[in-house]
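Survey of secondary and tertiary structure
The primary structure of each chain is shown beneath.
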Amino acid sequence: MNRALASDEFLNFPLLDWKMGSYQCTPDCQGKQCGDGDGCGGSCCECGEVINDSRDSNTYQTVQIGAQCWMAENLAYDNGCSTVQWENGSDEGWCGSHPECVSGKGLLYQWSAMMTGGTNEGAQGICPVGWHIPTDQEWCTLRKTLGSDTPCDHVGWGWNGTGTAISLGGSSGYDATWPRSRECTGEFLPCSNVTHKELAYSSSECEDSSQAWTGMYWNTDHTDVWHGCYDKCKAGTVRCIMN
């Protein structure tokens, strides 16, 4: 039989409010750490605060860029993907550290490791609760927020100024500190060569399902970025975006 909630029961009932595209506790989040399993989608915080990944206790600075909330650090969560055997030319779901560029720069993930085996665009993937792998469109929104007028469907170099804005210490606060990447051949691009390209995937597949759209593909000596399809067997960094 249904019954009305008593007043004290009602006051203790968890309230949810839609804010900035994610659930946020109401009336406040005092005493709670972002992502501490409080039932608010891991987003019991304002963007710009530090989130705590309760899965491994890693913490990440966040940054508001336009209408989007991004992690301002590379993801470093290992769900066991580092135990996956690397196979040259194949996306096996590997993740791991660069043998040289390791200090505070997160892990490298093949596409299926980042997506935890799924293929749905905008999936949570390897991200904490309340966050997800950015779509190709969300990456384009970031580039446009940073002042570029290059069309989203442009393939090749473009979005002049974006590379400078996202770089460490750049105007956006994104603070790219990418530890290079791992080629499909198994080669780690060396840290010593600052002109090597660095990769962050999107969760959007290309027409060829063995490839995915790049979110940020950048030469550290470029002011612009490259956009296009890249083989999923290459391992790059992950930046999560708030739901």
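That block above? That's the structure.
These lines cover the structure that appears in this document, whether it is placed above or below. (Residues numbered from 1 in each chain as written. Predicted model: local features only at pLDDT ≥ 70, side-chain atom pairs only at ≥ 80, totals over all residues. Heavy atoms only, no water.)

All right, on to the state of the cysteines then. Summed over all chains, the structure comprises six disulfides. Residue Cys140 pairs covalently with Cys152 via a disulfide, S to S 2.0 Å. Residues Cys140 and Cys152 are joined by a disulfide whose S-S torsion is about -90 degrees; by sign, that bridge is left-handed. Placement of the pair is Cys140 in helix α3 (residues 136-145) and Cys152 in the loop between α3 and β9 (156-158), with a sequence separation of 12 residues. (Disulfide = S-S within 2.5 Å. Helix = DSSP H or I, 4+ residues; strand = E, 2+ residues; numbered from the N terminus.)

To continue, consider unusual backbone geometry. Phi angles above zero are rare outside glycine, and Ser57 is one such case at about 70 degrees. Mapped onto the elements, Ser57 comes out in the loop between β3 (50-53) and β4 (58-65). Residue Ser57 is classed as exposed on the basis of its relative accessible area of 54%. Even without glycine at this site, Thr116 takes up a positive phi of about 50 degrees. Residue placement: Thr116 occurs in the loop between α2 (111-114) and β8 (131-132). (Buried < 20%, exposed > 50% of the residue type's maximum accessible area, 1.4 Å probe, protein only.)

Right, let's get into the nonpolar core. Of all hydrophobic cores here, the largest spans 26 residues; its most connected members are Leu75, Tyr109, Met114, Trp131 and Val238. Looking at this core, the elements that each hand over two or more residues are β5 (68-71), α2 and β10 (197-205). Of the residues forming this core, the biggest block, three residues, is contributed by α2. Those residues within four positions of Leu75 in sequence are excluded, and the remaining contacts are Arg55, Tyr60, Gly106, Leu107, Tyr109, Ile126, Cys127, Pro128, Val238 and Cys240. (Core = buried A, V, L, I, M, F, W, Y, C linked by side-chain atoms within 4.5 Å. Contact = heavy atoms within 4.5 Å.)

Time to look at the packing of aromatic side chains. Inspection of every chain in the model, using the stated rule, returns three aromatic pairs. Ring centres of Trp86 and Trp94 lie 5.2 Å apart, and the angle between their planes is 90 degrees; on these two criteria the pair is classed as edge-to-face. Neither residue differs from the other here; Trp86 and Trp94 are each classed as buried. The residue whose ring lies beneath Arg55 is Tyr77, and the NZ or CZ to ring-centre distance is 3.7 Å. For Lys232, the ring lying beneath its charged end belongs to Trp111, and the centroid distance is 3.9 Å. (Phe/Tyr/Trp six-rings, centres within 6.5 Å; stacked < 30°, edge-to-face > 60°. Lys NZ or Arg CZ within 6 Å of the ring centre and 35° of its normal.)

Tracing the sequence through the fold places His132 in strand β8. By relative accessible area, which is 9% here, His132 ends up buried. A distance of 3.0 Å separates the side chain of His132 from the side chain of Glu138, its partner in a polar contact. (Polar contact = N/O pair within 3.5 Å; in protein donor to acceptor, adjacent residues only side chain to side chain.)

Right, let's get into the pairing of β5. Side chains Gln68 and Trp70 project from β5 onto one buried face, and the interleaved Cys69 and Met71 project onto a second face that is buried too. Where β4 and β5 come together, four bridges link them in antiparallel fashion. In the strand pairing of β5, Val63 is matched with Trp70. Counting the residues between successive antiparallel strands, the hairpin from β4 to β5 contains two residues, one of them, Gly66, with a positive phi of roughly 65 degrees. (Pairing = 2+ DSSP bridges.)

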